[in-house]
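Letter by letter, the chains look like this.
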Amino acid sequence: RSILRYLLEKAIYVGDLNVSISIQYEALAKELELESKNYCQVCCQYLNKKGYISCSHLTEDSCRIGITATGVDFL
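Here is what the cut-offs are and how they apply
- Residues numbered from 1 in each chain as written.
- Predicted model: local features only at pLDDT ≥ 70, side-chain atom pairs only at ≥ 80, totals over all residues.
- Heavy atoms only, no water.
- Salt bridge = Lys/Arg side-chain N within 4 Å of Asp/Glu carboxyl O.
- Helix = DSSP H or I, 4+ residues; strand = E, 2+ residues; numbered from the N terminus.
- Buried < 20%, exposed > 50% of the residue type's maximum accessible area, 1.4 Å probe, protein only.
- Core = buried A, V, L, I, M, F, W, Y, C linked by side-chain atoms within 4.5 Å.
- Contact = heavy atoms within 4.5 Å.
- Expected span 1.5 Å × (residues − 1).
- Pairing = 2+ DSSP bridges.
- Polar contact = N/O pair within 3.5 Å; in protein donor to acceptor, adjacent residues only side chain to side chain.

1. A look at the pattern of salt bridges
Okay, step 1: In this structure the tally under the stated criterion is two salt bridges.
Okay, step 2: The partner of Glu26 in a salt bridge is Lys30, with the nearest N and O atoms 3.7 Å apart. Of this pair, Glu26 and Lys30 both sit in helix α2 (residues 25-31), four residues apart, which is roughly one turn of the helix.
Okay, step 3: Classification of Glu26 as partly exposed rests on a relative accessible area of 44%.
Okay, step 4: Between Lys37 and Asp61 there is a salt bridge, and its shortest N-O distance comes to 3.1 Å. Placement of the pair is Lys37 in helix α3 (residues 37-50) and Asp61 in the loop between β2 (53-57) and β3 (62-67), with a sequence separation of 24 residues.

See below:
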């Protein structure tokens, strides 16, 4: 849920639900106080497969993500 809240806050800040941001898993894990980069990466993969976020993998260490309407409903 912390990843979804983070993405919703970003979308609200920009004023666009369709916004996507580039993140590095390690930086996001630190910012959200998650266990590790790998934990963050697996969570993003899970949320993507459930349709809560859209995620395009740029590299092994980073991706471009945004929250979906389904993710907002989940919150």
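Structure's up, so let's keep going.
2. A few points about the nonpolar core
Okay, step 1: Of all hydrophobic cores here, the largest spans 21 residues; its most connected members are Ile3, Leu7, Leu28, Cys40, Cys44, Ile53 and Ile65.
Okay, step 2: Elements with a minimum of two residues in this core: α1 (2-14), β1 (21-24), α2, α3, β2 and β3.
Okay, step 3: When sequence neighbours within four positions are dropped, the list of residues in contact with Leu7 reads Ile21, Ile53, Ile65, Gly66 and Ile67.

3. Side note on α3
Okay, step 1: Compared with the 20 Å implied by 1.5 Å per residue over 14 residues, the 20 Å span of α3 between its first and last C-alpha is a close match.
Okay, step 2: For α3, the elements touching its buried residues are α1, α2, β2 and β3.
Okay, step 3: Taken from the residues just after α3, Gly51 is the one with a positive phi, measuring 85°.

4. Description of the pairing of β1
Okay, step 1: Of the two faces of β1, only one is covered, namely that formed by Ile21 and Ile23; the face formed by Ser22 and Gln24 stays uncovered.
Okay, step 2: As defined by bridge partners, β1 adjoins β3 across four bridges and the pair is classed as antiparallel. Its bridge partner lying in β3, Ser22 is registered against Arg64.

5. Describing the side chain of Gln41
Okay, step 1: With respect to the secondary-structure elements, Gln41 resides in helix α3.
Okay, step 2: A relative accessible area of 16% places Gln41 in the buried class.

6. Some thoughts on the side chain of Ser62
Okay, step 1: Position of Ser62 among the secondary structure elements: in strand β3.
Okay, step 2: With relative accessibility at 11%, the residue Ser62 sits in the buried group.
Okay, step 3: Here the side chain of Ser62 touches Thr59 through a polar contact of 2.9 Å, side chain to side chain.

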